[in-house]
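# An overview of the molecular structure
The chain contents come next:
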Amino acid sequence: MITIIGGGPAGIGMGLLLKQNGIKDFIILEKDQVGSTFLQWAKETKFITPSFTAHGFGHLDLNAILPDTSPAYTFGKEHLSGEEYGDYLAMIAEYYDLPVRENTTVYKMEKKEGKYWVQTSELGDGFFSNSVILACGEFQFPKRPFTYGIHYGDVTSWAELEGDRIIIGGGESAADAAYHLATADQQVDVYYSAPVWFDKEVDPSRTLSPFTRERLKSPVVFNRIVEHPSKRAVSIEKDEAKECYLVQFEDGEVIETDREPIICTGFSSGAKQFKHLFDWNEEGLPILTEKDESTIAPSVYLIGPSVRQKNTIFCFIYKFRQRFAIIAENIFFYHHLPCNPDVFQLYKQSSMYLDDLSCCEKDCAC
């Protein structure tokens, strides 16, 4: 038995690869519904990675989780909304008849007698699994470092937030929040700890996307977004008497704001639900073997945006889908399961198989 925990792009993508190889004894557990993370995005939020139908020319759609599929073809859009991408995942899961068990929470997971006990009810019901693949994502686990503040992940629509706002954070979520608030004629002040709002680097995981940069330069938001670099917030408190919020920074400055600040401090690894199954680094990420396996719990694997290999970040769909086949090969070898060489060849041809990380260390000439 192979258990996949999570019904997002990582979990569904991994399940598709197992099914294509003829594996029948596996299950995908999802605590809500397939694609639920994307269905919880703010209504206005779009993918920063563009979708384009080009697999006929050997280039897979950046947001596809399976060769010969394309969200761009399905929806006729380059930048999909969360709802649209959630629908894409649900359609694929249904079309390929994946063994997904929705509305199923994993309460506990522990090793017993050489296997892993996966508990799926408060009463203790569950089953044993030979291998477990964690595909829990991150969006469900927002970092909340302050007493007050509306986290980016809590917003269902930016149109519901009225008035000028302070944003704490300097990543993609902060830029997205600032853009949508500014387009609604609101003044936005963005405070972030870095000296600049992301340097321009080759690795798109370490800088703002071209899509985001273009939006921030739009005439629609001109002069409505003010940056405050090198300003690390350390606390947010509420002054009940003045009916305002007090934001204190590391340099000692305290500012007042009438409206609750927007917190764009990112998300934690979903693997923290099973913290005991991993060693952790200083950044709060699981430490993995070169096959994305736990270093302390054999046959427990991690896929999705929290995967790190050396200096390589696999936080985008087009990145972490390249590791599905690496894990599958390892599981098939370890448990003596049959595999379909043609499927792995297709994944290699579709740039969905990455075992040589030296290709990730690149510079651009211009």
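Above this note sits the structure.
Residues numbered from 1 in each chain as written. Predicted model: local features only at pLDDT ≥ 70, side-chain atom pairs only at ≥ 80, totals over all residues. Heavy atoms only, no water.

## Regarding helix 4 (residues 82–95)
Quick note on the threshold: Each helix corresponds to a stretch of at least 4 residues labelled H or I by DSSP, and each strand to a stretch of at least 2 residues labelled E; elements are numbered beginning at the N terminus. Under the convention used throughout, the expected extent of a helix is 1.5 Å for every residue step, that is, one less than its residue count. For every residue, the accessible area (1.4 Å probe, protein chains only) is compared with the maximum for its type, and the residue is labelled buried under 20%, exposed over 50%, or partly exposed between those bounds. By definition, residues are in contact when any of their heavy atoms lie within 4.5 Å.
When the terminal C-alpha atoms of helix 4 are compared, their 20 Å separation across 14 residues agrees well with the 20 Å that a helix rising 1.5 Å per residue should span. Listed as buried for helix 4 are Gly 82, Glu 84, Tyr 85, Gly 86, Tyr 88, Leu 89, Ile 92 and Ala 93. Looking at the packing, one finds that the buried side of helix 4 touches helix 1 (9–20), helix 2 (36–39), helix 3 (71–75) and helix 7 (317–320).

## So, the sheet that holds strand 10 (residues 188–191)
What counts, and what does not: If DSSP finds at least two bridges between two strands, the strands pair. Fitted lines through C-alpha atoms give the axes, limited to the stretch in contact for helices. The angle between two N-to-C directions lies from 0 to 180 degrees.
Strand order across the open sheet formed by five strands is 8-15-9-10-11, with parallel pairing between neighbours. Every other strand in the sheet has two partners, leaving strand 8 (150–151) and strand 11 (225–228) as the edge strands with one partner each. Contacts from helix 5 (residues 172–183) reach strand 9 (165–168), strand 10, strand 11 and strand 15 (262–263), with the element oriented near 170 degrees to strand 9.

## Brief notes about the packing of aromatic side chains
Aromatic ring pairs are reported here in terms of the distance separating the ring centres and the angle at which the planes meet. As a reminder, the rule being used: Between rings of Phe, Tyr and Trp, where Trp is taken as its six-membered ring, a pair exists when centres lie within 6.5 Å; planes separated by under 30 degrees are stacked, by over 60 edge-to-face, and by other angles tilted.
Scanning the entire structure with this criterion turns up 17 aromatic pairs. With 4.7 Å between their ring centres and 40 degrees between their planes, Phe 47 and Tyr 85 make a pair best called tilted. On the criterion of sequence distance, the pair formed by Phe 47 in the loop between helix 2 and helix 3 and Tyr 85 in helix 4 is long-range, its members being 38 residues apart. For the pair formed by Phe 47 and Tyr 85, the shared burial category is buried. For the pair Tyr 85 and Tyr 88, a centre-to-centre distance of 5.2 Å together with 40 degrees between the ring planes defines the contact as tilted.

## Topic: unusual backbone geometry
Positive phi outside glycine occurs at Asp 68, with the angle close to 70 degrees. Note that Asp 68 resides in the loop between helix 2 and helix 3.

## Examining the side chain of Asp 176
The residue Asp 176 is located in helix 5 in this model. Beyond its immediate sequence surroundings of up to four residues, Asp 176 is in contact with Thr 45, Tyr 152, Trp 158 and Arg 215.

## Section: the sheet that holds strand 1 (residues 2–5)
Spatially, the five strands line up as an open sheet ordered 3-2-1-7-16, and their pairing is parallel. Each edge of the open sheet is held by one strand with a lone partner, namely strand 3 (100–101) and strand 16 (300–302). Sitting on the sheet, helix 1 is in contact with strand 1, strand 2 (26–29), strand 3 and strand 7 (131–134), with an inclination near 170 degrees to strand 2. Along the sheet face, helix 8 (residues 324–334) touches strand 1, strand 7 and strand 16 and points at about 170 degrees away from the line of strand 16.

## Comments concerning the pattern of salt bridges
When the charged atoms of two side chains with opposite charge come close together, those side chains can pair. How we decide: Here a salt bridge means any side-chain nitrogen of Lys or Arg lying within 4 Å of a carboxyl oxygen belonging to Asp or Glu.
This model, assessed by the stated rule, comprises ten salt bridges. With a shortest N-O distance of 2.5 Å, Glu 84 and Lys 77 are connected by a salt bridge. You can call Glu 84 buried: its relative accessible area is 13%. Assessed through its relative accessible area of 35%, Lys 77 is described here as partly exposed. In this structure, the salt-bridge partner of Arg 144 is Asp 154, at a minimum N-O distance of 2.8 Å. Within this pair, whereas Arg 144 is found in the loop between strand 7 and strand 8, its partner Asp 154 is found in the loop between strand 8 and strand 9, the two being separated by ten residues in sequence. One continuous salt-bridge network, built from bridges that share partners, spans Lys 231, Asp 251 and Glu 253.

Bear in mind that shape data such as this cannot, by itself, settle questions of function.
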